[in-house]
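Read off the chains here:
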Amino acid sequence: MKRPFASIVFAYAAGLLLAQLFNPPLTALFIISAGILLAALAVKKLRPFLVWPLLALLGWANLESRTTVISPTDLRAVVGSQPVLATLRGVLVETPRLKIIKIDGEETWRSLARIRTSALGTNDKFQPATGEVLAITPGILGPEFFAGQPVELSGVLARPAPPLADGLFDYPNYLATRGIYYQLKTDSTGNWQLCQPASTFLPVTDRFLNWSRRTLALGLPAEDEPLRLLWAMTLGWRTAFTGDISEPFLRAGTMHMFAIDGLRIALLSGMIVALLRVFRVARAWCGAIAIPIIWFYTAATGWEPSAVRASVMMTIVLGGWALKRPGDLLNSLAAAALIILVAEPRQLFQASFQLSFFVMLVIALMLPPLNKFFDRLLRIDPLLPIELVSWWKTKLLKAARITLRYFGLSLAAWLGSLPLSAKYFHLLSPVSTLANVVAVPLGTLALMANLGALLCGTWFPWATELFNHAAWFLMVAMTWVSEQATRLPGAYCYVPEPSFLTIALYYAVLIAAFSGWFKTRRRLAGGIALLLVIAGGYFWQWQSTRGETDLTVLPLSGGHAVYVDAAGRANDWLINSGSETSVELTLKDFLRAQGVNHLPRLVLTEGDLRNCGGAISLDKLFGVDELWTGTTRFRSETYRKTVAAYEKPVDRNRQMNYGDTIGPWQVLFPDTTNTLAKAADKTLVLRSDFAGTKILLLSDLSRASQSDLLSHTNADLRADIVITGLPDEGEPLCNALIEAVAPKVIIIADANLPAKYRAPETLEQRLAQTKIPVLYTRTSGAVKITTDKTGWKVGTMDGRTFEGGENLQKQK
């Protein structure tokens, strides 16, 4: 077998995927594995066949043993699913790291710490408890809290909140792939205290990091953004990244420069080996010196998974070179993957693991044929004597060959990361190849300058300062290149998350193409036929769903937005924007996850801050073609500023009048005879008809407005689904209005916080008496409504579904 580890890791990974889908008892897995092992030992002829299911079962059992609740002291068995006010005792797994959060332009700092729990206290009674917890604390913890310290802290212990809507970051899943199922939120750093016996000896890795940050800042005037980015790139200091800072690098596809990955480890290894070879150190001794230094660097930067993967890979490659063994990149890659997945099988489901190995796999397959093509393209005529070739032509061809090879490397890396970037970041960045051709050399030089500064340290301060200034300039240049690259036409766009099947088919085709599978005519013809069948399947899927319209009710901290995704982006609508904070923290990411790059229409149904405060920010982020408002002139300063901003330099403000039908929307309120004194009582009421499904949007209609709507409107109010927020005064949906609308499903857009926008118990009891299904977004999360010619379907983030059409209704 030419590459044995490739087949082994494939079978083992198949078992890990099975463990995600099926969860049989661990005992059953061990019995089946033991039976197959005994059969393989007893029957020699069966061994080549039984080894593969055995490997899959080993992977399956390994992952199950990490995720199944086995011990009675497991936090999942002790705490359950409800939040509790608790005191934890345990040990810090790592030194707490800082996170900067920017809200409304202001920086706030939080401390995040992983704690290996030993005891859990509730009501002043402690009991044994095991498992890791992520503690989140406002402010900066003192220097006495570092890895290995025994600590006690109090706060609210709960499972992480699930994503509010489809496409938003799944934080519980992110933590679960790291073995964390609970987080503890404390009020302040005062909730922390050290237990005895506490240590006063700071770990060597922490002291190295502190010294490194001071050294890399030597000679620089201030701790500014470029310096923080240099700390991130060289030392894995993740505190540097806020949304505003990381966004240009994500869009340009240069964010990988800030991960402690293969580039960092390879460069460090190359510098060490090159230095040792200058002094004529033997290969074996080079490996013996370089490998421990690599692992110390990995430990010092916090045992980042990407750094561990790169170190395992470099240990295999460097060890083979030191022992003068022939190398095979694909086999080494598979061996590294196997070692990592045996040690921690949950890494297979981490985005960084998938990106690292698929990018390296595509590079290993794609780069050799690309380099051969470039060499043939730029080769000198072999029949021409070398003496007749001018020196400048030789130099020019050599420079062109290096540039094209580097371009090929960037192209292979982009193709290798393309579907995973779409899945995890919802980004497609065609500019990535071009941006990396320039940005990666700049980043590499900056990294080399930083490593030079660390080598010189404080014993050669003049050289250290020179290296630091060079690294600072190179980081500024790399940032500028990334920002400018994103401004090119078609540089990037946001796309919906591709399905697992789409990602699998993409990599299967790419691997088959560059591994030489299509070399024979028969295979090529079969491959083309298969691709045509796959394309036909996707076309059928598109054709069958193109008539669907999706409406998502997105709760936004007391306000709510309704996003209408119709056939064709030009027919999309957004009803309300939420506050500026809601746009920044929730709505922006939600729209991008749906593949929205531009908004054709925004409707503001009311003028309060919680529903329209983010409209200007939304325009800056996406660009809005038209702003639709009602005839009511709200006194809210935010509303007035918003309307004024959309009227200049080009008037994009459009007015919805009573009785108008604009697109799918009919305006039902307020009418021209409305005599209510308060502007807040004159919010827009809209009704839509999507393929026969009627949806009524009541905004935050007050009790007085409900009475006026019932008494003055001549329109038919009946609807299949009604969506309403909570008015400032009174309750939504009085009984008379419910009777007039006769909905099949009611959606109440409320929130846990602020508490005044939580549906009161009296409202819940009254609506429960109607026997109509009622969905409260504080518990259900976002609600998605899908309509087509066959009817409608309502789905919530907590798994409930309702269907209707042709007087048919059922709940699943």
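Refer to the structure printed above.
This report concerns the structure included in the present document. (Residues numbered from 1 in each chain as written. Predicted model: local features only at pLDDT ≥ 70, side-chain atom pairs only at ≥ 80, totals over all residues. Heavy atoms only, no water.)

Remarks on the sheet that holds strand 16 (residues 661–662)
Pairing between sheet strands relies on hydrogen bonds along the backbone, with the strands arranged either parallel or antiparallel. Spatial strand order, 16-17-18-19-20-21-22: seven strands in an open sheet with mixed pairing. Looking at the sheet topology across the chains shown, the edges are occupied by strand 16 and strand 22 (774–776). As paired elements, strand 20 (residues 721–724) and strand 21 (residues 745–748) share four bridges and run parallel to each other. Residue Ile723 lies in a different strand from strand 21, and its bridge partner there is Ile747. The strands touched by helix 25 (residues 761–768) within the sheet are strand 21 and strand 22, with strand 22 carrying the most contacts at an inclination of about 155°. (Pairing = 2+ DSSP bridges. Helix = DSSP H or I, 4+ residues; strand = E, 2+ residues; numbered from the N terminus. Contact = heavy atoms within 4.5 Å. Axes fitted to C-alpha atoms, helices over the stretch in contact; angles between N-to-C directions.)

Some points on the pairing of strand 6 (residues 180–185)
With five of six residues buried, strand 6 is to be regarded as a mostly interior element. Where strand 4 (residues 125–138) lies against strand 6, five bridges are found, and the strand directions are parallel. Across the sheet, Ala135 pairs through a bridge with Leu184, a residue of strand 6. The sheet contact formed by strand 5 (residues 150–158) and strand 6 spans three bridges and is antiparallel. Directly across from Leu157, in strand 6, lies its bridge partner Leu184. (Buried < 20%, exposed > 50% of the residue type's maximum accessible area, 1.4 Å probe, protein only.)

Considering the pattern of salt bridges
One pass over the full model with this rule turns up 28 salt bridges. For the salt bridge of Lys784 with Asp550, the shortest nitrogen-to-oxygen distance reads 3.9 Å. Placement of Lys784 in strand 23 (residues 783–788) and of Asp550 in strand 10 (residues 549–556) is noted, with a sequence separation of 234 residues between them. Salt-bridge contacts for Asp798 lead to Arg800; the nearest nitrogen and oxygen are separated by 3.1 Å. Given the relative accessible area of 40%, Asp798 is considered partly exposed. A network of salt bridges, in which partner residues are shared, links Asp608, Arg610, Asp700 and Asp728. (Salt bridge = Lys/Arg side-chain N within 4 Å of Asp/Glu carboxyl O.)

Focus on the nonpolar core
Within soluble globular proteins, side chains that are nonpolar tend to cluster in buried spots. In this structure, Met233, Phe258, Leu318, Met475 and Met478 are the most contacted members of the largest nonpolar core, which totals 45 residues. The set of elements that each furnish at least two residues to this core consists of helix 6 (204–216), helix 7 (225–235), helix 8 (243–252), helix 9 (262–278), helix 10 (283–300), helix 11 (305–322), helix 15 (432–456) and helix 16 (461–486). In terms of residue count, the dominant contributor to this core is helix 15 (nine residues). With 29 residues, the next largest nonpolar core counts Ala19, Leu29, Leu333 and Ile340 among its residues. (Core = buried A, V, L, I, M, F, W, Y, C linked by side-chain atoms within 4.5 Å.)

Examining the side chain of Asn436
Considering the arrangement of structural elements, one finds Asn436 in helix 15. According to the relative accessible area criterion, Asn436 is buried, its value standing at 6%. Of note is the side chain of Asn436, whose polar atom sits 3.1 Å from the backbone oxygen of Gly253. The contacts of Asn436, once residues within four sequence positions are left out, are Ala252, Gly253, Thr254, His256, Tyr406, Ser410 and Pro441. (Polar contact = N/O pair within 3.5 Å; in protein donor to acceptor, adjacent residues only side chain to side chain.)

Some points on the environment of Gly320
Along the chain, Gly320 turns up in helix 11. In this structure, the C-alpha to C-alpha distance between Gly320 and Ala593, residues 273 residues apart in sequence, is 44 Å.

Describing the layout of surface pockets
Counted as a void, the second largest pocket has a volume near 1,100 Å³. Forming the walls of the second largest pocket are 33 residues, and the residues nearest its centre are Pro496, Thr545, Asp550, Asp565 and Lys784. Contributing elements (two or more residues each) for the lining of the second largest pocket: helix 17 (500–514), helix 18 (521–545), strand 10, strand 11 (559–565), helix 19 (580–593), strand 23 and strand 24 (791–796). Along the lines of polarity and charge, the residues of the lining of the second largest pocket split into 14 nonpolar, eleven polar and eight charged. (1 Å grid on protein atoms, 1.4 Å probe; cavity = no way out; pocket = protein on both sides within 12 Å on 5 of 7 lines; lining within 4 Å. Points joined across faces, edges and corners; volume = space filled by probe spheres on them. Nonpolar A, V, L, I, M, F, W, Y, C, P; charged D, E, K, R; others polar.)

Examining the packing of helix 13 (residues 351–378) against helix 14 (residues 391–425)
Viewed as axis vectors pointing N to C, helix 13 and helix 14 meet at an angle of 150°, and their least axial separation amounts to 8 Å. One element, helix 13, and the other, helix 14, form an angle in the roughly antiparallel class. In this structure, helix 13 crosses over helix 14, and the sense of that crossing is right-handed. Class assignment of the residues belonging to the contact of helix 13 with helix 14 gives a composition of 22 nonpolar, five polar and three charged. (Parallel < 35°, antiparallel > 145°, perpendicular 65-115°, else oblique. Left-handed = near helix turned anticlockwise from the far one by under 90°.)

Quick word on the pairing of strand 18 (residues 685–690)
Where burial is concerned, most of strand 18 is hidden: five out of the six residues are buried. One ladder, built from four bridges, connects strand 17 (residues 665–669) with strand 18; its direction is antiparallel. Each bridged residue has a counterpart across the sheet, and for Phe669 the counterpart in strand 18 is Val685. Both strand 18 and strand 19 (residues 693–697) contribute to a ladder of five bridges, which runs antiparallel. Each bridged residue has a counterpart across the sheet, and for Ser688 the counterpart in strand 19 is Ile695. Where strand 18 folds back onto strand 19 in an antiparallel hairpin, the turn is made up of two residues, including Ala691, whose phi is positive at roughly 50°.

Here's the deal with the packing of aromatic side chains
Given two aromatic rings, one states the distance between the centres and the angle between the planes to describe the pair. Under the defined criterion, the tally for this structure stands at 17 aromatic pairs. Consider the rings of Tyr171 and Tyr174, whose centres lie 6.0 Å apart with planes at 15°: the pair is stacked. You can see Tyr171 and its partner Tyr174 sitting in helix 5 (residues 171–176), three residues apart, about one turn around the helix. The class of Tyr171 is partly exposed, set by a relative accessible area of 21%. Plain terms: the ring middles of Tyr563 and Phe590 are 6.1 Å apart, the flat faces sit at 85° to each other, and that makes the pair edge-to-face. One end of the pair, Tyr563, is in strand 11; the other, Phe590, is in helix 19, and 27 residues separate them in sequence. Accessibility classification places Tyr563 together with Phe590 in one group, the buried group. (Phe/Tyr/Trp six-rings, centres within 6.5 Å; stacked < 30°, edge-to-face > 60°.)

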